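As a plain string of letters, each chain reads:
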Amino acid sequence: MKILFAILIAGSLLGLNVWLYKANKNTPVPEGCENLKPDCHGCGITDCSLRRTEEIREDTK
């Protein structure tokens with residue numbers, strides 16, 4: 001009986017996860033959130049991959 005409950009709970013959680021994933025994928029992006037690129041000049045992280053690509057772009061200009 002314990003195994004049956006475990007299977008039912010696992011199946012329910014898996015089904016809920018799949019349903020929430022599909023619902024999230026079908027939700028439209030709110031206005032103002034289309035372009036969420038960070039402003040690298042205000043961030044204090046020096047080893048960020050975005051900052052490195054930004055510096056490479058500036059060096060190639």
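Preceding block: the structure.
The structure displayed is predicted, hence computed values, not measured ones.

Here is what the cut-offs are and how they apply
- Residues numbered from 1 in each chain as written.
- Predicted model: local features only at pLDDT ≥ 70, side-chain atom pairs only at ≥ 80, totals over all residues.
- Heavy atoms only, no water.
- Helix = DSSP H or I, 4+ residues; strand = E, 2+ residues; numbered from the N terminus.
- Buried < 20%, exposed > 50% of the residue type's maximum accessible area, 1.4 Å probe, protein only.
- Areas by Shrake-Rupley, 256 points an atom, 1.4 Å probe, with all protein chains shown as cover.
- Patch = residues over 30% accessible without salt bridge, like charges linked within 9 Å, V, L, I, M, F, W, Y side chains within 5 Å.
- Salt bridge = Lys/Arg side-chain N within 4 Å of Asp/Glu carboxyl O.

**Q** Summarise the overall build of the protein; cite the residues concerned and give the values.
**A** A count of helical and extended segments in the protein gives two helices and zero strands. Relative to its full complement of 61 residues, the protein shows a buried share of 3%. Of the roughly 6,100 Å² of accessible surface on the protein, 63% is carried by carbon and sulfur atoms.

**Q** Tell me about a nonpolar patch on the surface, and name the residues and values.
**A** There is a patch of nonpolar side chains on the surface, built from M1, L4, F5, L8, I9, L13, L16, W19 and L20 and spanning about 1,000 Å² of accessible area. If you trace the backbone, L16 turns up in helix α1 (residues 2–26).

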